[in-house]
Amino acid sequence: MASEPSVDELEEYRDLLAGLVRMHVLHHASQEEIYGAWMIEELASHGYRLSAGTLYRLFGHPVGVMG
């Protein structure tokens, strides 16, 4: 039976996933204009489950603030 991951292991996993999501978003942004709702759907098609707030926070944008 496998043991539960430690807090440090979970944090490393979270950081890795955040980096992979950033790379995926930047890949599409280098090809064309992207929009949050479309990007969330695109990421979901690859198995990522993100809310709009999570996606925007990954790029340092507070939720509800545009510009």
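Each remark here, short or long, concerns the structure printed above.
In short, a report on the structure. Owing to the predicted nature of the structure, the values given are computational and were not obtained by experimental measurement.

1. Observations regarding a negative patch on the surface
A cluster of like negative charges, contributed by D8, E9, E12 and D15, occupies part of the molecular surface. Looking at the secondary structure, you find D8 in helix α1 (residues 7-31).

2. Comments concerning the layout of surface pockets
One number sums up the size of the second largest pocket: a volume of about 270 Å³. Along its surface, the second largest pocket is lined by R14, D15, L17, A18, V21, R22, Y48, L50, T54, R57 and L58. Listed by contribution, the elements that provide at least two residues to the lining of the second largest pocket are α1 and α3 (52-58). With six residues, α1 is the largest single contributor of residues to the lining of the second largest pocket. A breakdown of the residues in the lining of the second largest pocket according to their chemical character gives six nonpolar, one polar and four charged.

3. Notes on the pattern of salt bridges
The final tally for this structure, using the stated rule, is one salt bridge. When the shortest N-O distance is used, the salt bridge between R14 and E11 registers 3.1 Å. Taken as a pair, R14 and E11 lie in helix α1 at a separation of three residues, close to a single helical turn. Look at E11 and you get partly exposed, because its relative accessible area is 37%.

4. With respect to a nonpolar patch on the surface
Where nonpolar side chains cluster on the molecular surface, the patch consists of L16, L20 and M23 and spans about 300 Å² of accessible area. The topology assignment puts L16 in helix α1.

5. Description of the side chain of H28
The residue H28 is located in helix α1 in this model. Apart from residues no more than four positions distant in its own chain, H28 is found in contact with I34, W38, M39 and E42.

6. Concerning the nonpolar core
One finds A18, V21, V25, M39, L43, Y48, L50, L55 and L58 forming the largest nonpolar core, which totals nine residues. If you list the elements that add at least two residues to this core, you get α1, α2 (36-44) and α3. The dominant element in this core, judged by the number of residues it contributes, is α1, at three residues. Those residues in contact with L58 that lie beyond four places of it in its chain are A18, V21 and R22.

7. Describing the packing of α1 against α2
For the pair α1 and α2, interaxial distance at closest approach is 11 Å and the crossing angle is 120 degrees. In terms of axis orientation, α1 runs oblique to α2. The crossing of α1 and α2 is right-handed. In this structure, α1 contributes V21, H24, V25 and H28 to the contact, and α2 contributes W38, M39, E42 and L43. Here the residues of the contact of α1 with α2 are counted per class, giving five nonpolar, two polar and one charged.

Calculation notes
Residues numbered from 1 in each chain as written. Predicted model: local features only at pLDDT ≥ 70, side-chain atom pairs only at ≥ 80, totals over all residues. Heavy atoms only, no water. Patch = residues over 30% accessible without salt bridge, like charges linked within 9 Å, V, L, I, M, F, W, Y side chains within 5 Å. Areas by Shrake-Rupley, 256 points an atom, 1.4 Å probe, with all protein chains shown as cover. Salt bridge = Lys/Arg side-chain N within 4 Å of Asp/Glu carboxyl O. Lys, Arg positive; Asp, Glu negative; His and termini not counted. Charge placed at Lys NZ, Arg CZ, Asp CG, Glu CD. Helix = DSSP H or I, 4+ residues; strand = E, 2+ residues; numbered from the N terminus. 1 Å grid on protein atoms, 1.4 Å probe; cavity = no way out; pocket = protein on both sides within 12 Å on 5 of 7 lines; lining within 4 Å. Points joined across faces, edges and corners; volume = space filled by probe spheres on them. Nonpolar A, V, L, I, M, F, W, Y, C, P; charged D, E, K, R; others polar. Buried < 20%, exposed > 50% of the residue type's maximum accessible area, 1.4 Å probe, protein only. Contact = heavy atoms within 4.5 Å. Core = buried A, V, L, I, M, F, W, Y, C linked by side-chain atoms within 4.5 Å. Axes fitted to C-alpha atoms, helices over the stretch in contact; angles between N-to-C directions. Parallel < 35°, antiparallel > 145°, perpendicular 65-115°, else oblique. Left-handed = near helix turned anticlockwise from the far one by under 90°.

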